[in-house]
Amino acid sequence: MKSGPTLSPLKLSALLALLLLSLAVVSLGIGEVFFPPWQWPAALGGPESAAYQSILWDIRAPRTALALVAGAMLGLAGAVLQGYTRNPLADAGILGITGGSSLAAVLAIYSGFAVAWPLGLPIAALGGGILTTLLVVWLAGRGGDVQTLVLAGAAVAAFTAALTSLALNLAPNPYAGMEIVFWLLGSVKDTSWNQVALASPFCAAGFLLLLGTRRGLQALALGDDAAATLGVNLSGLRLRVIAGTALAVGPVCAAAGSIGFVGLVVPHLLRPWVGHDPGRLILPSALGGACLVLMADITSRLIPTPSNEEIKLGVLTALVGAPFFFALIFKMRRTLP
Amino acid sequence: MKTGLACRGLGVKLGNRWVLEDLDYTLESGGIHGLIGPNGAGKTTLLRALAGLLPLKKGEITLDGTNLASISRAQRAREAGYLPQNGSCHWPLPVERLVELGRIPHLESSDILGSADRDAVRKALEQTDTWDLRHRTVTELSGGERARVLLARVLAGCPRVLLIDEPLAGLDLYHQLQVMELLQHIASEPGRLVCVVMHDLSLALRHCTVLTLLDRGKVLWTGAPADLLKTSRLDRVFHVELQAFHAECGPALVPVRRLDA
Amino acid sequence: MGPACRSPEGSQIRWKNPVKHRVPSKESVEPGRPTFYLPGVRIRWSLFLALAAIAAACPHPLEASPPPPVLHPQRIVSINLVSDIILLDLVDPGRIVALSWLAADPDTSPVADRASGFPKTRGQVEAILPLKPDLVIGTLWGQDRTLKLLEQIRIPVHRIELAQNYREIESTIRSLALAVGETERGESLISRMHERLAALRSSQEPPRGGAVWLSQAGFNNGENELSREILLDAGWLPMGTGSYSLESLVIRPPGAVIEARYQVDHPTLASRLRQHPAVRNLPAQTLVIRLADFLSASHLTPSVSEELRKQSLP
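Residues numbered from 1 in each chain as written. Chains lettered and ligands numbered in written order. Predicted model: local features only at pLDDT ≥ 70, side-chain atom pairs only at ≥ 80, totals over all residues.

Visitor: Please give an account of the overall build of chain C that cites residues and values.
Guide: Summing up its helical and strand segments, chain C has 12 helices and 10 strands in all. Out of the 314 residues belonging to chain C, those deemed buried represent 34%. (Helix = DSSP H or I, 4+ residues; strand = E, 2+ residues; numbered from the N terminus. Buried ≥ 20, exposed ≤ 12 C-beta atoms within 10 Å, placed from the backbone.)

Visitor: Explain the overall build of chain A to me, and be specific about the residues and the numbers.
Guide: A tally of regular secondary structure across chain A gives 15 helices and 0 strands. Relative to the 2.2 N^0.38 estimate, which gives 20 Å for 337 residues, the radius of gyration of chain A is 20 Å and therefore close to what a compact globule would have. The proportion of buried residues among the 337 residues of chain A is 54%. Considering only intrachain contacts with a sequence separation of at least 6, the fraction spanning at least 24 residues in chain A is 79%. (Rg over C-alpha atoms; globule rule 2.2 N^0.38 Å. Contact = placed C-beta atoms within 7 Å.)

Visitor: Lay out unusual backbone geometry with the relevant residues and their values.
Guide: Residue and element names in this part refer to chain B. The phi dihedral of D64 falls on the positive side, at around 50°, and the residue is not glycine. Despite not being glycine, R216 shows a phi value in the positive range, around 50°. Considering the arrangement of structural elements, one finds R216 in the loop between β9 (208-215) and β10 (218-223).

Visitor: Let's hear about helix α6 (residues 166-180) of chain C: which residues, and what values?
Guide: Residues and elements named next belong to chain C. Between its terminal C-alpha atoms α6 stretches 21 Å, which fits the 21 Å expected from 15 residues at 1.5 Å a residue. Listed in full, the buried residues belonging to α6 are Y166, I169, T172, I173, L176, A177, A179 and V180. Buried positions in α6, seen along its axis, are confined to an arc of 160° and lie on one side of it. In this fold, the buried residues of α6 make contact with β1 (76-78), α2 (81-90), β4 (135-139), β5 (157-160), α7 (183-201) and α8 (225-233). (Expected span 1.5 Å × (residues − 1). Arc of directions from axis to C-beta.)

Visitor: Give me the sheet that holds β4(C): which residues, what numbers.
Guide: Working definition: the strands of a sheet are paired by backbone hydrogen bonds and lie parallel or antiparallel to each other. Residues and elements named next belong to chain C. Taking strand neighbours across the sheet as the criterion, the 5 strands line up as β3-β2-β1-β4-β5 in an open arrangement whose pairing is parallel. The sheet terminates laterally at β3 (120-121) and β5, the two strands that pair on one side only. Taken together, the 3 bridges between β1 and β4 define a ladder with parallel strand orientation. By the bridge assignment, I76 is partnered in β4 with L135. (Pairing = 2+ DSSP bridges.)

Visitor: How would you explain the interface of chain A and chain B if you had to name every residue and give the values?
Guide: Interface size is commonly expressed as the accessible surface area that is lost when the partners come together. Counting residues at the interface gives 21 residues for chain A, matched by 25 residues for chain B. Tallying contributions element by element places helix α11 (residues 224-229) of chain A first for the side of chain A that touches chain B, with 4 residues. Of the residues in the side of chain A that touches chain B, the class split is 8 nonpolar, 8 polar and 5 charged. (Nonpolar A, V, L, I, M, F, W, Y, C, P; charged D, E, K, R; others polar.)

Visitor: Please provide a residue-by-residue account of the nonpolar core, values included.
Guide: Ranked by internal contacts, the top residues of the largest apolar core, which has 175 residues, are V69(A), A70(A), M73(A), L76(A) and V252(A). Broken down by element, this core gets its largest block of residues, 15 residues, from helix α3 (residues 49-85) of chain A. Ignoring anything within four residues of it in the chain, the contact list for M73(A) reads C203(A), G206(A), A248(A), V249(A) and V252(A). In this structure, L99(C), I160(C), L249(C) and F294(C) belong to the second largest nonpolar core, which totals 70 residues. (Core = buried A, V, L, I, M, F, W, Y, C linked by C-beta atoms within 7 Å.)

Visitor: With reference to specific residues and values, describe the sheet that holds strand β8 (residues 193-197) of chain B.
Guide: All names here are of chain B. Taken in spatial order, the 6 strands of this open sheet run β6-β7-β8-β3-β9-β10, and their pairing is mixed. Either end of the sheet is taken by a strand with one partner, and the two such strands are β6 (80-83) and β10. On average, each strand axis in the sheet is tilted by 15° relative to the strand beside it, whichever way the strands run. Direction of pairing for β6 relative to strand β7 (residues 161-165): parallel, over a ladder of 4 bridges. Bridging from a neighbouring strand, L83 pairs with I164 of β7. (Axes fitted to C-alpha atoms, helices over the stretch in contact; angles between N-to-C directions.)

Visitor: Explain the packing of α6(C) against α7(C) residue by residue, including any values.
Guide: Residue and element names in this part refer to chain C. Closest axis-to-axis distance for the α6/α7 pair is 8 Å, and the angle between their directions is 160°. As the angle between them shows, α6 and α7 are arranged roughly antiparallel. Of the two elements, α6 crosses α7, and the hand of that crossing is right-handed. Of the residues in α7, those in contact with E170, I173, R174, A177 and L178 of α6 are T183, R185, G186, L189 and I190. (Parallel < 35°, antiparallel > 145°, perpendicular 65-115°, else oblique. Left-handed = near helix turned anticlockwise from the far one by under 90°.)

Visitor: A description of the domain arrangement of chain C should follow, citing residues and the corresponding values.
Guide: Residues and elements named next belong to chain C. When cut into domains, chain C gives domain 1 (76-198) and domain 2 (210-311). The centre of domain 1, based on its C-alpha atoms, is set 27 Å off from the matching centre of domain 2. Taken together, the contacts link 22 residues of domain 1 with 18 residues of domain 2. Secondary structure elements with two or more residues in the side of domain 1 that touches domain 2: α2, α6 and α7. (Domains from an automatic or database assignment.)

Visitor: Report on the pairing of β7(B), specifying residues and quantitative values.
Guide: All names here are of chain B. Along β7, 5 of the 5 residues are buried, which leaves the element largely enclosed by surrounding structure. Residues V161, L163 and D165 line one face of β7 and the alternating positions L162 and I164 line the opposite face, and both faces are buried. As paired strands, β7 and β8 are joined by 5 bridges and run parallel to one another. The residue of β8 that forms the bridge with L162 is V194.

Visitor: Let's hear about α8(C): which residues, and what values?
Guide: Residue and element names in this part refer to chain C. Looking only at α8, the buried set comprises L226, S227, E229, I230, L231 and D233. If you follow the buried residues of α8, they end up packed against α6, α7, β6 (210-215), β8 (237-238) and α12 (302-311). Backbone geometry just downstream of α8 places G235 in the positive-phi region, at approximately 90°.

Written out as structure tokens, the structure reads:
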């Protein structure tokens with residue numbers, strides 16, 4: 001693997017931020033009504049301004065915001081987890097966080113909890129994410145061993161997937177099953193500011209925690225022992241990685257369902273541009289993830305379907321992510337001795 | 001200015017086994033301290049304990065009289081550098097970037113390298129003869145080149161205490177001598193303490209000022225290399241009949257045959 | 001290991017803790033006891049191919065011909081909600097041996113009180129067999145395997161299709177009536193249904209405006225033609241086909257939103273959409289019908305339009 005052209009992290013982040021801004025503007029313009037920015041002053045001042053205002057502010061803006069936050073958190077978590085496990089095939093899925101959040105959300109829907117209290121769904125999913133992460137930590141034991149952590153995560157992810165399937169199997173009413181299946185596909189459609197506001201504080205906390213792992217991840221490139229002697233608190237780092245990921249990804253899972261592959265694809269694409277430095281990858285991955293999810297969301301709005309139903313975001317990311325996975329494996333096979 | 005690292009009554013347990021038991025060991029600046037002994041003697045464990053990586057079941061380690069445990073992690077990172085055995089780099093970083101990682105304990109929170117940092121990196125690269133490799137990717141280097149780059153990383157941190165585990169593994173003869181000369185030079189700087197775990201007895205005898213013989217978790221002998229030759233301990237400890245040849249540069253120990261108990 | 005490793009005295013090199021290797025020889029096997037071993041690769045492959053050929057050549061068990069139908073079945077089992085509903089009005093209660101488990105569920109069945117007296121079945125073959133039916137009615141959708149298996153055991157089966165409009169409801173009722181030997185009663189059910197439809201459609205008023213449905217999948221224009229017909233019969237106009245996005249709701253607001261509520265006390269996640277800021281203050285009327293009435297396309301379906309008319313404000 002050659003470290004190809006390298007941009008300074010600042011320049012890379014600036015470029016990605018610019019891309020993100022333009023995508024956000026496009027996202028605000030695309031929908032049932034094509035509503036580009038240059039038409040905004042006219043429409044917002046004209047006769048149907050209330051309707052256009054409602055569309056922009058109540059429908060498109062929260063959708064764009066959630067897509068942005070979801071993508072940023074997933075990309076960020078993916079980069080940090082790959083740096084921490086020193087494995088380019090890691091993301092929030094392997095630590096079982098998305099599995100735990102999905103399971104908790106499914107249980108919330110079934111028990112009627114989510115229906116009785118509309119905000120119950122996101123909070124339950126967040127709780128589920130945190131619980132599974134704690135379970136993973138407990139399984140992995142003390143010490144900073146990465147391999148045990150990955151195994152524990154895989155075991156927990158498999159377990160939560162099995163429980164989710166069990167819940168679907170035992171569905172008391174067929175509509176719960178259908179709702180859950182659609183929710184699990186992952187979508188940011190029909191988001192309200194309510195949902196964004198609920199997810200944001202946790203995501204912000206997770207974001208800050210994960211940004212702080214930068215130095216530790218760079219030192220970990222040399223191995224656990226060398227990193228410890230460079231002043232990195234290994235157990236503290238692990239706590240920060242796990243707590244940060246749970247806080248960042250849990251509420252995203254709750255609000256938008258299961259969106260996969262973002263945490264896998266984005267760090268991988270950006271890694272050559274930061275010279276494979278795991279620490280410098282963090283912020284660009286967040287920005288890149290936001291761009292990727294926004295792009296996918298815009299595409300989902302543009303693809304026409306016979307039933308007028310949008311293609312779910314999670315489906316699109318999986319459709320793009322899986323072939324990417326194949327390409328990745330082929331590339332890795334070629335570089336092996 | 002003298003630096004002193006001392007262990008008293010050190011006890012380290014890995015799993016259910018006492019790897020080090022009731023160990024007393026003192027190191028001082030001025031010359032390389034060599035740690036030798038057969039496989040499984042506990043050399044790496046002792047070095048890791050000195051680096052602060054292992055919890056001590058018994059005893060204490062002091063640096064200049066202060067208990068190592070009471071020194072903050074960050075301070076310890078600045079004072080001591082540890083180079084593990086068979087080190088590796090998990091990501092294909094450019095060589096220069098890897099060596100820059102050695103400056104982490106000295107960086108402010110902004111992670112930007114100052115001129116002092118860059119000078120230290122440059123010096124480390126030049127000392128280990130890896131300056132020409134600085135734009136190459138670590139994973140593309142040969143084993144020996146990589147070993148030197150990892151050594152440069154430790155040196156870049158300019159620590160007072162250098163704890164190095166088998167620095168010569170994978171190096172060709174030229175670079176073996178070069179590294180030992182480099183370490184000797186560093187050890188001669190005032191206030192610098194260098195402790196090296198070695199397998200090559202000849203080089204150990206030649207370049208180390210103090211040799212410590214370890215076996216089964218206990219210190220069997222400490223002293224000057226010349227005195228070590230006079231004892232017959234080496235044969236018994238290594239289970240090998242050794243023959244000493246005295247050349248101009250120093251003594252050379254050749255293993256003649258295995259001794260079965 | 002060459003000669004250079006031998007010590008000068010020429011003495012034997014002794015291994016510390018030598019590893020003992022044991023090669024199994026023929027003599028180690030007791031004589032008289034047969035030894036089994038897998039034959040060579042070629043033999044194994046030919047065995048495998050032979051078995052595969054035999055399996056392929058075997059006649060498929062499920063391709064047997066269906067059993068002959070009974071003209072006036074007296075022991076009818078229905079394992080599907082639509083056929084439950086039609087059956088209750090089509091045959092005398094004595095001829096019904098069991099209805100599907102959904103028939104008595106007031107949340108999904110419009111005939112729950114009438115169905116409560118009958119035994120229920122979940123539709124598994126082991127549960128159906130002890131009932132000794134001479135006709136089992138089910139749908140093509142999801143119950144196909146069960147029905148095929150029943151045919152194999154020589155039990156007559158009638159498959160109904162899920163109707164997508166009133167015409168198909170008619171043909172469903174007719175074919176079911178034929179299968180149970182009650183063609184006259186079937187025709188009377190159909191004519192009664194047409195009377196109710198005529199009453200609905202006789203109104204001279206123009207449509208009140210557009211209406212959309214709110215279902216599990218969000219706002220939409222109804223899943224099939226039947227939804228359109230129901231709306232038109234109730235005096236409302238459908239607003240398109242397929243899904244109806246929030247933005248459409250804002251730009252082209254409907255006159256009414258029709259919610260098919262399931263378990264009235266527990267609004268579904270979809271009705272959470274009603275709380276979305278963009279549509280919370282929609283000027284549209286909300287008309288609520290029971291999902292039970294809407295779920296199954298049968299001769300009772302006109303009741304939905306009747307209910308909608310009752311609730312609609314002019």
